[in-house]
Amino acid sequence: MDRLEELKQKYASVLETITKRWVRLDHVHVQDNKLFIGGAAPTEEIKNDVWNAIKAVNPGMDDIMAEIAVDSSLPAPAAAQSYTVQPGDTLSKISKSFYGSASNYMKIAEANSIENPDLIQVGQKLLIPPAE
């Protein structure tokens with residue numbers, strides 16, 4: 001495997017954040033054995049989300065360089081909401097409440113990296129992605 005593919009795999013969660021958060025990706029390449037990512041985010045908050053995703057993978061950031069500008073002309077995704085799990089809640093019940101359909105529960109599970117949708121805890125804070 002070449003170095004670019006190796007680093008893209010390592011930083012897959014960062015690239016996923018970039019895609020999900022509507023960051024325009026201008027370039028991804030390897031230079032000086034580091035992954036270079038360049039692009040623009042629609043808001044400062046989204047730019048910070050990308051940086052937080054990078055730090056979650058590699059706090060030392062010794063094999064990645066990112067140049068993410070803020071470009072307010074880019075379309076921003078609709079705002080997500082937060083929800084605190086209450087006694088008796090299931091992801092299906094929460095999905096029905098937010099989306100009008102219990103069948104969208106996996107959207108909530110994916111947004112919160114929940115591997116088993118049956119295992120949520122009272123008091124757990126969930127990110128509820130916007131309906132699309």
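Here, every reference points to the structure presented above.
Residues numbered from 1 in each chain as written. Predicted model: local features only at pLDDT ≥ 70, side-chain atom pairs only at ≥ 80, totals over all residues. Heavy atoms only, no water.

**Some points on the overall build of the protein chain**
Thinking step 1. Helix and strand counts for the protein chain stand at five helices and five strands.
Thinking step 2. For the protein chain, the N- to C-terminal ordering of α and β elements is α-α-β-β-α-β-β-α-α-β.
Thinking step 3. Along the longest, intermediate and shortest principal axes, the C-alpha atoms of the protein chain span 55 × 35 × 20 Å.
Thinking step 4. Scored against the burial criterion, the 132 residues of the protein chain give a buried share of 30%. (Helix = DSSP H or I, 4+ residues; strand = E, 2+ residues; numbered from the N terminus. Buried < 20%, exposed > 50% of the residue type's maximum accessible area, 1.4 Å probe, protein only.)

**Digging into the packing of aromatic side chains**
Thinking step 1. The full count for this structure, using the stated rule, is one aromatic pair.
Thinking step 2. Here Tyr83 and Phe98 contribute two aromatic rings whose centre-to-centre distance is 5.7 Å and whose plane-to-plane angle is 80°, an arrangement assigned as edge-to-face. Placement of Tyr83 in strand 4 (residues 81-84) and of Phe98 in helix 4 (residues 91-99) is noted, with a sequence separation of 15 residues between them.
Thinking step 3. In this structure Tyr83 comes out as partly exposed when scored by relative accessible area, which is 21%.
Thinking step 4. Looking at Phe98, the relative accessible area reads 28%, which means it is partly exposed.
Thinking step 5. Sitting over the ring of Tyr99, Lys107 keeps its end group 5.1 Å from the ring centre. (Phe/Tyr/Trp six-rings, centres within 6.5 Å; stacked < 30°, edge-to-face > 60°. Lys NZ or Arg CZ within 6 Å of the ring centre and 35° of its normal.)

**Some details on the environment of Thr84**
Thinking step 1. On the secondary structure map, Thr84 appears in strand 4.
Thinking step 2. Note: C-alpha distance between Thr84 and Leu127 (43 residues apart in sequence) is 9.0 Å.
Thinking step 3. Residues contacting Thr84, with those up to four places away along its chain left out, are Asp89, Gly123, Gln124 and Lys125.
Thinking step 4. Within the local environment of Thr84, its side chain forms a polar contact with the side chain of Lys125, the two groups lying 3.1 Å apart. (Contact = heavy atoms within 4.5 Å. Polar contact = N/O pair within 3.5 Å; in protein donor to acceptor, adjacent residues only side chain to side chain.)

**As for helix 2 (residues 12-20)**
Thinking step 1. Among all positions of helix 2, only Val14, Leu15, Thr17 and Ile18 are buried. End-on view of helix 2: buried residues confined to an arc of 155°, all on one side of the axis.
Thinking step 2. Those residues of helix 2 that are buried lie in contact with helix 1 (3-10), strand 1 (24-31), strand 2 (34-41) and helix 3 (44-57).
Thinking step 3. The first or second residue beyond helix 2 is Trp22, which carries a positive phi of 65°. (Arc of directions from axis to C-beta.)

**Quick word on the nonpolar core**
Thinking step 1. In this structure, Val14, Ile18, Ile37 and Val50 are the most contacted members of the largest nonpolar core, which totals 16 residues.
Thinking step 2. Secondary-structure elements contributing two or more residues to this core are helix 2, strand 2, helix 3 and strand 3 (64-70).
Thinking step 3. Not counting the four nearest positions on each side in its chain, Val14 is found in contact with Ile37, Val50, Ala53, Ile54 and Val57.
Thinking step 4. Leu91, Ala109, Leu126 and Ile128 belong to the second-largest nonpolar core, a separate cluster that totals 10 residues. (Core = buried A, V, L, I, M, F, W, Y, C linked by side-chain atoms within 4.5 Å.)

**Digging into the sheet that holds strand 3**
Thinking step 1. On the basis of which strands lie adjacent, the open sheet formed by three strands has the order 1-2-3 and mixed pairing. The open sheet has two free edges, formed respectively by strand 1 and strand 3, since each of these has just one partner strand. Strand-to-strand, the axes of this sheet are offset by a mean angle of 10°, without reference to chain direction.
Thinking step 2. Relative to strand 3, strand 2 runs parallel, the two sharing seven bridges. (Pairing = 2+ DSSP bridges. Axes fitted to C-alpha atoms, helices over the stretch in contact; angles between N-to-C directions.)

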